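So the chains spell out like this:
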Amino acid sequence: MEPLPYFHRQFAYNSWANRQVLQALPPADTPRYCQLFAHILSAERLWLERIRQQPQSYAVWPDFSAAECAAQLASMETLWREFLGEMSLQSLDRRISYKNTKGELWNDSVLDILSHVLFHSAYHRGQIASAMRAAGEQPAYTDFIHAVRQHMIE
């Protein structure tokens, strides 16, 4: 599979998995779940802003409610879809220079940043699932193969 269709598919899965997690969150804003989920969304936005050389919109660990997370999720789905639609194979090799939240200067390829965004989100979705299980709650079932088998993503 060519890199661009691969990333379109992976980000479609990422959006689906994020929506599943949001739907599985308990009705009351549970601080730890919302904190982790808000971090996923804020970090996704931060990385896209770094790629686009835009200023950072939100704190890395914002204090979003579940409703604010839902709004951010919808926004991020649109932003990633638009960004991926503008990309070319050559743009994956483009180097992005940025300062991290510690003020350190880094230079990474778009390819590596996109991979990081996906893995970072999956890592924190796993943390949410673990915390929910520990509290006796049922987390979202977000396995990639499940999404494929259920035709949730193409």
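Analysis parameters
Residues numbered from 1 in each chain as written. Predicted model: local features only at pLDDT ≥ 70, side-chain atom pairs only at ≥ 80, totals over all residues. Heavy atoms only, no water. Core = buried A, V, L, I, M, F, W, Y, C linked by side-chain atoms within 4.5 Å. Buried < 20%, exposed > 50% of the residue type's maximum accessible area, 1.4 Å probe, protein only. Helix = DSSP H or I, 4+ residues; strand = E, 2+ residues; numbered from the N terminus. 1 Å grid on protein atoms, 1.4 Å probe; cavity = no way out; pocket = protein on both sides within 12 Å on 5 of 7 lines; lining within 4 Å. Points joined across faces, edges and corners; volume = space filled by probe spheres on them. Nonpolar A, V, L, I, M, F, W, Y, C, P; charged D, E, K, R; others polar. Salt bridge = Lys/Arg side-chain N within 4 Å of Asp/Glu carboxyl O. Axes fitted to C-alpha atoms, helices over the stretch in contact; angles between N-to-C directions. Parallel < 35°, antiparallel > 145°, perpendicular 65-115°, else oblique. Left-handed = near helix turned anticlockwise from the far one by under 90°. Contact = heavy atoms within 4.5 Å.

K.L.:
Could you give me a rundown of the nonpolar core, with the residues and numbers involved?
P.N.:
Of all hydrophobic cores here, the largest spans 19 residues; its most connected members are Phe11, Trp80, Phe83, Met87, Val110 and Leu114. When residues of this core are traced back to their parent elements, those giving at least two are helix 1 (3–24), helix 2 (31–51), helix 3 (66–86), strand 1 (95–99) and helix 4 (110–134). The dominant element in this core, judged by the number of residues it contributes, is helix 4, at five residues. With 15 residues, the next largest nonpolar core counts Val21, Leu22, Cys69 and Met132 among its residues.

K.L.:
An account of the layout of surface pockets is requested, with residue identities and associated values reported.
P.N.:
For the largest pocket, the calculated volume is near 160 Å³. Taken together, His39, Ala43, Leu46, Trp47, Arg50, Val60, Asn100, Thr101, Lys102, His116 and His120 make up the lining of the largest pocket. It is helix 2 that provides the largest number of residues to the lining of the largest pocket, a total of five residues. Residue classes in the lining of the largest pocket are distributed as four nonpolar, five polar and two charged.

K.L.:
Please set out the pattern of salt bridges residue by residue, giving values where relevant.
P.N.:
Tallying each qualifying case throughout the model produces two salt bridges. Across the pair glutamate 77 and arginine 19 runs a salt bridge, and its minimum N-O distance is 2.5 Å. One end of the pair, glutamate 77, is in helix 3; the other, arginine 19, is in helix 1, and 58 residues separate them in sequence. The buried category is assigned to glutamate 77, whose relative accessible area is 15%. Residue classification places arginine 19 among the partly exposed positions, given a relative accessible area of 32%. For arginine 52, the salt bridge is made with glutamate 86, and the minimal N-O distance between the two is 3.5 Å. You can see arginine 52 sitting in the loop between helix 2 and helix 3 and its partner glutamate 86 sitting in helix 3, a full 34 residues away along the chain.

K.L.:
For the packing of helix 1 against helix 2, give the residues involved together with the corresponding values.
P.N.:
With their axes 11 Å apart at the nearest point, helix 1 and helix 2 run at an angle of 155° to one another. Between helix 1 and helix 2, the interaxial angle falls into the category roughly antiparallel. Relative to helix 2, the crossing made by helix 1 is left-handed. From helix 1, Asn14, Asn18, Val21 and Leu22 reach across to helix 2, where they touch Phe37, Ile40, Leu41 and Glu44.

Spatial relationships are all this shows, so hold off on functional conclusions.
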